[in-house]
Amino acid sequence: MERDAAPPEIDDREPLPAAEAARLSESLDDENRLKPEFVRRVREALDAGDREAVYEAVEPLHPADIADLFELFDEDDRLALAGAISDLMGGEVIAELNDHVRELLVEALPPDAVADFAEQMETDDAVALIEDLDADDRQAVLAELDPEDRAAIESALAYPEETAGRLMQRDLVAVPEHMTVGGLIDYLREHADLTTEFWEVFVVDPLHRPVGTCQLSWILRTPRTVALTDVMKRDQTLIPVGMDQEEVALRFQKYALISAAVVDDSGRLVGQLTVDDIVHIIQEEAGEDVLLLSGAGDGDINEPIALTVRTRLTWLVVNLGTAIVAASVVGMFQGAIARFALLAVLMPIVSGMGGNAGTQTLAVIVRALATNQLTSSNTWRMIAREFRIATANGLSLGLLIGAGVALVFDNPLLGAVIGAAMLINNLIAGLAGILVPLTLEKFRIDPAVSSAVFVTMATDVMGFFSFLGLAVASGLTG
């Protein structure tokens, strides 16, 4: 993708003028966020049709801050803002845009303009730009690309979404293992078309399989006559092209990687992943499971309202079904409730506390599964651990609520019933919080998506059943 015609020159420009620095400080607060008054000033200039004022205000901003500015504007104003600062809308800004905002802007551009942006980007960013287009629009953009860039993007699009093959960059430096340090330095200087942004050089065998890596710091500090095989690091963390992005992020985190080679099924070097790409993945994955547990979808505030409603409503309907199941359990004891109405007042406490306990366990287990802390090697130890925690919490809460109810209502039997029900439901919550996600994981279903529904149903049903059943069995309802 982005290639330099010549080695980068030393930046000997003067520091940012005081006036420019002052203008920049007027736009960002101490936490590096765009100030409300700055956003308001840009919006007012845009509404007044003063495109020059808009451009002058936005021009000092970093591409990432310009992308943030688009998110702060209403959907109807984003195209107008893009038109006012068209000279600033380079590939760096497009790459930083929120997915939904970028999609809106790209749909309004002709294929040749989208292709120009794609050619300014790294391969992975260009793929993200093109992959969400309709099939016809995608082909139109690909047709406008340079053949080499088109081949790289089409190769990436052939891999499944959220895999290393989609995320990797094709621009890297790979050299044969017979080269010396001096030969490598000369090679880097003589080939102006090589990428200029890299942290390590990959050493490959005649079949283009990686056999080692050389960090730039080693190359700079090693005599020219030394062979690369004598200085390179042979132990590598190789990333298969089909590996899921979440597993890729875990490897980067576990082994403290800055970059890593991506290999195909035959072990050939086909690309690299760098830590700047992984930071975005970690951020996405960290928030994704929490949002999935709540059934809130992507949770992106820029997501179209219709899509958000459809996503949330789907899970609300499912929850409605589980609520009906819980209500049917209550219906089984309506005669007992009619004879002793106090049960209706207290039973939500048992189910509610069980739901909270189940959610706590579920959050811990889903995170442990996502980070590979919970595996088949320690599953039973984890189950036993959560059972002990549930027992301790259940006993504590049961004694607390039991004593309170007995004193407030002067009914020791009622206190004993609700205390025992609290213990039972906490045990159910703890077991459901761990067994449900483990079962879903075993059947290759994302536990973050469906677990909350089943855990909530289990704690509601068993909370009502244990409390009302014990009340009837103890003779409390007469």
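Placed above this text is the structure.
The structure displayed is predicted, hence computed values, not measured ones.

Caption draft 1: How the structure looks around the overall build of the protein. Within the protein, the secondary structure is distributed over 23 helices and 6 strands. The C-alpha radius of gyration computed for the protein amounts to 30 Å, which surpasses the reference 23 Å derived for 478 residues by more than 25%, pointing to a less compact arrangement than a globule. If one aligns the C-alpha atoms of the protein with their principal axes, the spans along those axes are about 95 × 65 × 45 Å. Considering only contacts within the protein whose residues lie at least 6 apart along the sequence, 66% involve residues at least 24 apart. Carbon and sulfur atoms make up 56% of the accessible area of the protein, which amounts to about 25500 Å² in all. The positive charge centre, built from 33 side chains, and the negative charge centre, built from 78, are 9 Å apart in the protein.

Caption draft 2: Summary view of the sheet that holds strand S5 (residues 259–263). If you walk across this open sheet you meet the 3 strands as S4-S5-S6, and the pairing is mixed. Only two strands of the sheet have a single neighbouring strand rather than two, namely strand S4 (239–240) and strand S6 (269–274).

Caption draft 3: Structural context of a negative patch on the surface. A grouping of Glu103, Glu107, Asp132, Asp134, Asp136, Asp137, Glu161, Glu162, Asp244 and Glu284 is seen on the molecular surface, where their side chains present a negatively charged patch. Elements that contribute at least two residues to the negative patch include exactly helix H7 (99–107) and helix H10 (135–144). Looking at the secondary structure, you find Asp137 in helix H10. When its relative accessible area of 41% is taken as the criterion, Asp137 is described as partly exposed.

Caption draft 4: Structural view of the packing of helix H2 (residues 36–47) against helix H3 (residues 51–58). In contact at an axis separation of 8 Å, H2 and H3 are set at 155 degrees when each is read in the N-to-C sense. Judged by the angle between their axes, H2 and H3 are roughly antiparallel. With respect to the hand of their crossing, H2 and H3 are arranged in left-handed fashion. Within the contact between the two elements, H2 uses Phe38, Val42, Ala45 and Leu46 and H3 uses Ala53, Val54, Ala57 and Val58. Residue classes in the contact of H2 with H3 are distributed as 8 nonpolar, no polar and no charged.

Caption draft 5: Region of interest: the sheet that holds strand S2 (residues 200–204). What the 3 strands build is an open sheet, ordered S1-S2-S3; its pairing is mixed. The strands lining the two open edges of the sheet, one partner per strand, are strand S1 (174–176) and strand S3 (210–215). When the angles between neighbouring strand axes are averaged without regard to direction, this sheet yields 35 degrees. One ladder, built from 3 bridges, connects S1 with S2; its direction is parallel. The residue bridging Ala174 from the neighbouring strand is Phe202, located in S2.

Caption draft 6: Region of interest: the packing of aromatic side chains. Throughout the structure, instances matching the rule amount to 1 aromatic pair. Positioned over the ring face of Phe73 is Arg43, at 4.9 Å from the centre of the ring.

Cut-offs applied
Residues numbered from 1 in each chain as written. Predicted model: local features only at pLDDT ≥ 70, side-chain atom pairs only at ≥ 80, totals over all residues. Heavy atoms only, no water. Helix = DSSP H or I, 4+ residues; strand = E, 2+ residues; numbered from the N terminus. Rg over C-alpha atoms; globule rule 2.2 N^0.38 Å. Contact = heavy atoms within 4.5 Å. Areas by Shrake-Rupley, 256 points an atom, 1.4 Å probe, with all protein chains shown as cover. Lys, Arg positive; Asp, Glu negative; His and termini not counted. Charge placed at Lys NZ, Arg CZ, Asp CG, Glu CD. Pairing = 2+ DSSP bridges. Patch = residues over 30% accessible without salt bridge, like charges linked within 9 Å, V, L, I, M, F, W, Y side chains within 5 Å. Salt bridge = Lys/Arg side-chain N within 4 Å of Asp/Glu carboxyl O. Buried < 20%, exposed > 50% of the residue type's maximum accessible area, 1.4 Å probe, protein only. Axes fitted to C-alpha atoms, helices over the stretch in contact; angles between N-to-C directions. Parallel < 35°, antiparallel > 145°, perpendicular 65-115°, else oblique. Left-handed = near helix turned anticlockwise from the far one by under 90°. Nonpolar A, V, L, I, M, F, W, Y, C, P; charged D, E, K, R; others polar. Phe/Tyr/Trp six-rings, centres within 6.5 Å; stacked < 30°, edge-to-face > 60°. Lys NZ or Arg CZ within 6 Å of the ring centre and 35° of its normal.

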